[in-house]
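Survey of secondary and tertiary structure
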Amino acid sequence: MTSLPASATGPSGPGNDAPDTDTGAREHRRLVAALALAAVSWAALWVANEWFWDAAVGWLGLDLADRAIGAVHFFLYDTIKIVLLLLGLMFLVGMLRASLDLDRARDWLEGRGLFVGLTLAIVLGVVTPFCSCSSIPLFIGFVAAGIPLSVTLTFLIASPLISEIAAIMIGEMFGWHIAAAYVGAGAAIAFVAGWALSRFRLDRWVDDVVFTTRVAVLRADGHVPSLRERVDAALGESRDILRSVWIWVVVGVGVGAVIHGWVPEDFFLRWAGPDNPLAVFVATLAGIPLYVNGAGVVPIAEALWAKGMSLGTVMAFIMSSIALSIPQAIMLRRVMRPPLLALFFAVVAAGILAIGLVFNVIA
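Residues numbered from 1 in each chain as written. Predicted model: local features only at pLDDT ≥ 70, side-chain atom pairs only at ≥ 80, totals over all residues. Heavy atoms only, no water.

A separate point is the packing of aromatic side chains. Summed over the entire model, instances satisfying the criterion amount to 7 aromatic pairs. Both rings, one in Trp-51 and one in Trp-59, keep their centres 5.9 Å apart while their planes meet at 80°; by these two values the pair is edge-to-face. On the basis of relative accessible area, Trp-51 is assigned to the exposed category, the value being 54%. Connected via pairs of aromatic rings, a cluster forms that spans Trp-51, Phe-52, Trp-53 and Trp-59. (Phe/Tyr/Trp six-rings, centres within 6.5 Å; stacked < 30°, edge-to-face > 60°. Buried < 20%, exposed > 50% of the residue type's maximum accessible area, 1.4 Å probe, protein only.)

To continue, consider helix α15 (residues 311–323). Residues that lie three or four places apart on an α-helix share one face, since the helix turns once every 3.6 residues. The end-to-end C-alpha distance of α15 is 18 Å, a good match for the 18 Å that 13 residues give at a rise of 1.5 Å each. With respect to burial, α15 is a largely interior element, 13 of its 13 residues being buried. (Helix = DSSP H or I, 4+ residues; strand = E, 2+ residues; numbered from the N terminus. Expected span 1.5 Å × (residues − 1).)

A few words now on a nonpolar patch on the surface. On the surface, a nonpolar cluster with roughly 610 Å² of combined accessible area is contributed by Trp-51, Phe-52, Trp-59, Leu-60 and Leu-62. When you line up the elements, Phe-52 lands in helix α2 (residues 18–59). For Phe-52, a relative accessible area of 37% translates into the label partly exposed. (Patch = residues over 30% accessible without salt bridge, like charges linked within 9 Å, V, L, I, M, F, W, Y side chains within 5 Å. Areas by Shrake-Rupley, 256 points an atom, 1.4 Å probe, with all protein chains shown as cover. Salt bridge = Lys/Arg side-chain N within 4 Å of Asp/Glu carboxyl O.)

All told, the structure shown has 3 salt bridges when counted by the stated rule. Across the salt bridge formed by Glu-27 and Arg-228, the nearest N and O atoms sit 3.4 Å from each other. Of this pair, Glu-27 sits in helix α2 while Arg-228 sits in helix α11 (residues 227–262), and the two are 201 residues apart along the sequence. You can call Arg-228 partly exposed: its relative accessible area is 35%. Between Lys-81 and Asp-78 there is a salt bridge, and its shortest N-O distance comes to 3.5 Å. Of the two residues, Lys-81 and Asp-78 both sit in helix α3 (residues 67–99), 3 residues apart, roughly one turn of that helix. Across the pair, Asp-78 and Lys-81 agree in class, each one buried. Look at the salt bridges and you will find they share partners, linking Glu-27, Arg-228 and Asp-232 into a network.

Moving on: the confidence of the model for the chain. With 75% of its residues at a pLDDT of 70 or more, the chain shows a mean pLDDT of 78. Per-residue pLDDT, averaged within each element of the chain, yields its smallest value for helix α1 (residues 6–9) (44) and its largest for helix α9 (residues 176–197) (92). Within the model, pLDDT remains below 50 along residues 1–15, and this stretch shows 7 contacts once partners closer than five positions in the same chain are excluded. (pLDDT = per-residue confidence, 0-100. Contact = heavy atoms within 4.5 Å.)

On to the nonpolar core. Among the nonpolar cores identified, the biggest contains 63 residues, and Phe-139, Leu-153 and Phe-344 are the most heavily contacted of them. Every residue in contact with Phe-139, bar those within four places of it in the chain, is listed here: Leu-149, Thr-152, Leu-153, Phe-155, Leu-156, Leu-332, Val-335 and Met-336. (Core = buried A, V, L, I, M, F, W, Y, C linked by side-chain atoms within 4.5 Å.)

Here is the structure:
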């Protein structure tokens, strides 16, 4: 009679798996606790960032109204803000991509058609209050997950363009009917731009680095990763992407800081005033290098409107300021090849220009 292997009956047999199970449970709890601590630390750094630089100006007895001081303050605050967003969002998106069966989600999305995909992208963009640079990590994650590029680009347009803060401030300063028109116009631009971009073969113009991330490799061949594997892959991917784009963040924010500090408000009124028949065109182009969020641009726009700038020109200025920016272009260049980058900016700028002209005719 053949005897059973020792592994079936000895100390390491099936009935003695409890120590391994307990060890795995303890490691899982430690990982969960470490993730919670990391989330709290990230939130604390996020809150402390703006407070620290504002306080530092006071400690040093400096005047933020001074252009050089304002530019340096803008550069330091925004650089750290974007680095924190890149690390936090890329890790979060990486964990989600490693945890979810995104192939099934992609198949579901493709089965619903382009209209549903673009609409969902706009809704997601509305509920994620990111600036034009801050939405880039989610864009990278969506592309790496295989979501159709026209849908991810629609999100990249809608997230900064349809700003909740800008909408509320426009409602208070211009009227709520204009705020509603602003939201509707932003959604229309994102949808039409996404549809137009879907007519092109765009994947060939996305940098290969987006498709070879650690999480993409981890989920290959249907592998279901453990929590430790997901954390390690998300951390490694966040570090890899930050290493590849940090110089572009610094350069992009530096350009934005110079423009923020030295371009006077009356520059826009001079070149896009009511007497200029090309005012909407000029305002659309002039808003691109300004690099401000909704809270920063709406008060400027209200001042320009009070001085006689037409409503459509003001709307074009607001939209181009928050939806397109030179820092955004510099950072997107790391993941987009020049033809796609140029096409993206051209389509969005054309949509903003069209909205400005329509608003002026209606007004």
